[in-house]
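Spelled out, the chains give:
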Amino acid sequence: MPTMTQTLAVNFPRARVWPLLGDVEQVMSCMPGASLTKPREGDRIFGQMRVKLGPIAAAFAGEGTLTMDEATHTGVIHGQGTDPKNNSRAKADVTFAVLEEGAGTRIDLTVDFTLTGVLAQFSRGAIVQEIANRLTAEFARNLEAKLAATAPAVATETVAEEVVEATSSVEAVSAPAPEPAKELNAGNLLWVMLKDWLRKLFSSPLPSGERVARRAGEGDARGGASGKSATPSP
């Protein structure tokens, strides 16, 4: 079972981030391509995940469980789903830890996953890692936007008719809610990776042996062009 690790950071304290992570509806709305298919039942979650890779569009529908430990600020997600159209099945175990980091919060994730069927070709190497990187980055942006939409505002002291009253009531700012996360479209992912590979290939310096051989070949070519033999006469 392949394993990946991911880390994301948000500029809000853990006291704000932790409760939101327990709200499945809010979390799913932050994940590109993810949505609930019916209401949560205890620890059980029912949803689907859509990802597009060029001409291939995958839609995994299934269920999972979410457990969270308030004392250690850690949690575990078990999930599995199937994509009948592509005859593929996915299974994942995600463990996460929510850590205080300065004034913000860091979330460390470890993902053990299995992908079988037609789409198993995307479960190895740089492709799945790049998809995970994009999903994590987009999730972090959407999570911050959702937290910012409900950021508390502390009312300051007010003065009225020579009476000063210190107030410390906290009210929610009525900011527009962020748009639902869009489907992750990695249609040009393979092409971008190919271009990066070619760029690295042609920009890499040649080994010393190849440089010597290439210079020798260039010298022979110049000698032939001038009508002189590259081999000395006896």
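Residues numbered from 1 in each chain as written. Predicted model: local features only at pLDDT ≥ 70, side-chain atom pairs only at ≥ 80, totals over all residues. Heavy atoms only, no water.

### Examining the packing of aromatic side chains
Next, step 1: Across all of its chains, the model carries 0 aromatic pairs by this definition.
Next, step 2: The side chain of K38 reaches across the aromatic face of F46, ending 4.2 Å from its centre. (Phe/Tyr/Trp six-rings, centres within 6.5 Å; stacked < 30°, edge-to-face > 60°. Lys NZ or Arg CZ within 6 Å of the ring centre and 35° of its normal.)

### Here we look at the environment of N133
Next, step 1: Tracing the backbone shows N133 in helix α3 (residues 125-149).
Next, step 2: Residues N133 and Q6, 127 residues apart in the sequence, show an inter-C-alpha distance of 7.5 Å.
Next, step 3: For N133, the side chain forms a polar contact with the side chain of Q6, separated by 2.9 Å. (Helix = DSSP H or I, 4+ residues; strand = E, 2+ residues; numbered from the N terminus. Polar contact = N/O pair within 3.5 Å; in protein donor to acceptor, adjacent residues only side chain to side chain.)

### As for the nonpolar core
Next, step 1: Ranked by size, the top nonpolar core spans 28 residues in total, and within it L8, V17, F96, I107 and L143 carry the most contacts.
Next, step 2: Broken down by secondary-structure element, the contributors of at least two residues to this core are β1 (3-10), α1 (14-21), α2 (24-30), β6 (88-101), β7 (104-117) and α3.
Next, step 3: Residue contributions to this core peak at 6 residues, all from α3.
Next, step 4: Setting aside chain neighbours within four positions, we find L143 in contact with V10, L20, C30 and I107. (Core = buried A, V, L, I, M, F, W, Y, C linked by side-chain atoms within 4.5 Å. Buried < 20%, exposed > 50% of the residue type's maximum accessible area, 1.4 Å probe, protein only. Contact = heavy atoms within 4.5 Å.)

### So, unusual backbone geometry
Among all residues except glycine, the phi angle is most often negative; among peptide bonds, the trans geometry is most common.
Next, step 1: Its identity is not glycine, yet H73 carries a phi of approximately 55°, on the positive side.
Next, step 2: The phi torsion at N87 lies on the positive side, around 50°, for a residue other than glycine.
Next, step 3: Examined against the element boundaries, N87 turns out to sit in the loop between β5 (74-83) and β6.

### Section: the environment of T82
Next, step 1: Tracing the backbone shows T82 in strand β5.
Next, step 2: Its relative accessible area of 27% is what places T82 among the partly exposed residues.
Next, step 3: Each C-alpha atom, one on T82 and one on Q48, is 9.1 Å from the other, the two residues being 34 residues apart in sequence.
Next, step 4: Each residue touching T82, except ones within four places of it in the same chain, is listed here: A59, F60, A61, S88 and R89.

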